[in-house]
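Reading the structure
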Amino acid sequence: MPARRRRQGPRCGDARTNLAPGPGFTMPATELARVQRFVHRNLGWGVHAGNARTAVGDSASDLYPVRLDHRGLRPGAVYADPYGHVFFVVDLVPAQDDRPGALLAVDGQPDGGIVRREFWEGEFLWSTERAHGGVGFKQFRPVVRQPGGGLVQLGDAAIAGAPDLGDIWTGHAELAGTAFYDAVRALLEPPPWDASRQQREAVAAFAALARDRVGPIDRAAEFQRDRKRAIAMPKGWQVFEATGAWESHSTPGRDLRLLAALDVVRGLPDRVRERPALYVTGGDPEARARALADELDVLLRDPQYAITYTRSDGSPWTLTLRDLADREEALERAYNPNDCPELRWGAPKAATSSPPAASAPPPTSTRAWRPTAAGCTSAARRPAATSRPEAGAVARSHVPSDMLL
C-alpha cells in the first residue's frame, strides 16, 4: 500500500494485491508473471519506510499499533522509527535468574547490511510529534478473503473485536519518551532496577553503535578515493531519505542514534533522581545519582570500549568513548560522506595543521542536528537550520588531535 507524506505523517492509498494491482498495471499471461510484476512494480516502487509510520487510528494502512505486552510484541511485530528505519522483532527473550529479558529485532541498512538491534533507548528512537506519524510497535493487519473472492485488510474495529486478535492499542500517542521506555523495560524486567547495571549495558551499547559506524565510514572513504566530484548533498531533512551514493555512504541515521545514545548514557543519574521508585537507591536517590555519574566517567575512559578507525593516510587511530563524548558538537555534522575520515570522527583541528585533505571537496552546507532531550527523542528535529543548541553542558577535556598535519 503506497504511502503519501502528510503533516500528520504518511497516508496510504487503496490497498493493492496481485489480484487487483491497481490502474496502469498490465496483466501478464501467467500467474507467476503477474506476481513477479506486482512485486517489482507495486512493491518495489511503492513500499518504503513511510508505510510503517501511518498515523495511529488510521485504518487505511498496512499496520496497526499494539499493546505493550508479550502478545503485542511477539516475533513478526514491527517497530516504526520516527526517522525512517523499520525494525522487525525476531525474539522476546524472557528474564532468567539474574539476567533481564531482551527484545531483539533486525534492521536493514542502506549499504545492504542487516543489523541486530536490542531494545534500549539509544536504538529504538521514540517521538510523539504528529509530523513523524504513528511510530512505535505495530503488527501487520490480517488480510481476509471476501465472499466474492477479493481480499481486504481488517480495520481497527474488526481487529479489536476479533477473539484471536484484540491486541490493538492506540495509547502510544499518550506516552512521553521516558514512560514509553519504562513500560517496555518493565515488560522485560520488573522494577526496581539496578541502575549501575543499566548504565554498564548502555555504555556497552553506545560502544557497539560507535563500532558499527567504522565500516560505513571506511567504505565511504574508499568510494570517494578515485572520484573527482563530491556526492551531491540533499537539502534539509532529505538527507535521511535520499537515494544513490548519498544514501549508501552518508550516516545521518547512524549518527542520530549515536547522539541519542550519548544522551541516554549521560542521562541515567537524572532518571534516578526523577523516578527513584523504579530504581534500587538504598533510600538516598541523590547519593545514588552522584555515584552513577562517577561510575560513568570511569566507564567512558575504559579501553575495552574504545574504537579504532582508519585515517586518511591509512594509519589507525583509537578513540575512547570519553573522546567521542568530548567531540559531541563536531559529530552533529559528521554525516557527510564527502569529508575525510578525521572529520567524520570529529577530530579537533590541530593548531599548526593545514586544512585536511578530504576525499572530495566537501559541501559547505552541512547542518548540525541532534535529539534535544536526554533519554527522550520526543523533541528531536531533522536538520532544518545551520546550527542548534546543545542538549546539555559537557565538560570538554583536552583531546590529542588525530587530524593529520
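The structure we're discussing is the one just above.
Throughout what follows, the structure given in this document is the object of discussion.

Cut-offs applied
Residues numbered from 1 in each chain as written. Predicted model: local features only at pLDDT ≥ 70, side-chain atom pairs only at ≥ 80, totals over all residues. Heavy atoms only, no water. Pairing = 2+ DSSP bridges. Helix = DSSP H or I, 4+ residues; strand = E, 2+ residues; numbered from the N terminus. Axes fitted to C-alpha atoms, helices over the stretch in contact; angles between N-to-C directions. Salt bridge = Lys/Arg side-chain N within 4 Å of Asp/Glu carboxyl O. Buried < 20%, exposed > 50% of the residue type's maximum accessible area, 1.4 Å probe, protein only. Expected span 1.5 Å × (residues − 1). Bend = angle between axes of the 7 residues up to and from the residue. Patch = residues over 30% accessible without salt bridge, like charges linked within 9 Å, V, L, I, M, F, W, Y side chains within 5 Å. Areas by Shrake-Rupley, 256 points an atom, 1.4 Å probe, with all protein chains shown as cover. Phe/Tyr/Trp six-rings, centres within 6.5 Å; stacked < 30°, edge-to-face > 60°. Lys NZ or Arg CZ within 6 Å of the ring centre and 35° of its normal. Polar contact = N/O pair within 3.5 Å; in protein donor to acceptor, adjacent residues only side chain to side chain.

The subject of this paragraph is the sheet that holds strand E7 (residues 114-118). Reading across the sheet, the six strands line up as E3-E8-E4-E5-E6-E7 and stay open at both edges, with antiparallel pairing between neighbours. The strands lining the two open edges of the sheet, one partner per strand, are strand E3 (63-65) and E7. Strand-to-strand twist of the sheet, defined as the mean angle between neighbouring strand axes without regard to direction, takes the value 40 degrees. Alignment of strand E4 (residues 78-80) against strand E8 (residues 136-140), held across three bridges, turns out to be antiparallel. Among the inter-strand pairings, Val78 is bridged to a residue of E8, identified as Lys138.

This part covers the pattern of salt bridges. This model, assessed by the stated rule, comprises 22 salt bridges. In this structure, Glu222 and Arg225 form a salt bridge, with 2.2 Å as the shortest nitrogen-oxygen distance. Among the residues examined, Glu222 registers a relative accessible area of 48% and is labelled partly exposed. With its nearest N and O atoms 3.7 Å apart, the salt bridge here joins Arg322 to Asp297. Here Arg322, found in helix H8 (residues 321-326), pairs with Asp297, found in helix H7 (residues 285-301); they are 25 residues apart in sequence, far enough to count as distant.

In this section: helix H1 (residues 31-46). When the terminal C-alpha atoms of H1 are compared, their 21 Å separation across 16 residues agrees well with the 22 Å that a helix rising 1.5 Å per residue should span. Along its length, H1 reaches its greatest deviation from straightness, about 25 degrees, at Phe38.

The next subject is a nonpolar patch on the surface. Residues Val35, Val39, Leu43 and Val47 make up a contiguous nonpolar surface patch of about 270 Å² in total accessible area. Examined against the element boundaries, Val47 turns out to sit in the loop between H1 and E3. Accessibility expressed as a relative area gives 41% for Val47, which makes it partly exposed.

Summed over all chains, the structure comprises 17 aromatic pairs. Both rings, one in Phe119 and one in Tyr181, keep their centres 6.1 Å apart while their planes meet at 50 degrees; by these two values the pair is tilted. Taken together, the residues Phe119 in the loop between E7 and E8 and Tyr181 in helix H3 (residues 177-188) connect sequence positions 62 residues apart. Judged on exposure class, the residue Phe119 and its partner Tyr181 are both buried. Ring geometry for Trp246 and Tyr335: centres 6.3 Å apart, planes at 80 degrees, overall edge-to-face. You can see Trp246 sitting in helix H5 (residues 244-249) and its partner Tyr335 sitting in the loop between helix H9 (328-331) and helix H10 (341-344), a full 89 residues away along the chain. The pair formed by Trp246 and Tyr335 is uniform in burial state, with each residue classed as buried. One aromatic cluster is present, built from ring pairs that chain together Tyr79, Phe87, Phe119, Phe124, Trp126, Phe137, Phe180 and Tyr181. The lysine or arginine in question, Arg185, covers the ring of Trp193, its NZ or CZ lying 5.9 Å from the ring centre. Between the NZ or CZ atom of Arg213 and the centre of the ring of Trp345, over which it lies, the distance is 4.6 Å.

As a further point, take helix H4 (residues 195-224). Compared with the 44 Å implied by 1.5 Å per residue over 30 residues, the 44 Å span of H4 between its first and last C-alpha is a close match. The distance from a side-chain oxygen at the start of H4 to the backbone nitrogen of Ser196 is 3.0 Å, and the residue carrying that oxygen is Asp194.

So, about the environment of Gln224. Tracing the backbone shows Gln224 in helix H4. Overall, Gln224 belongs to the buried group, its relative accessible area being 0%. Spatially, the C-alpha atom of Gln224 lies 8.1 Å from that of Pro337, the residues being 113 residues apart in sequence.

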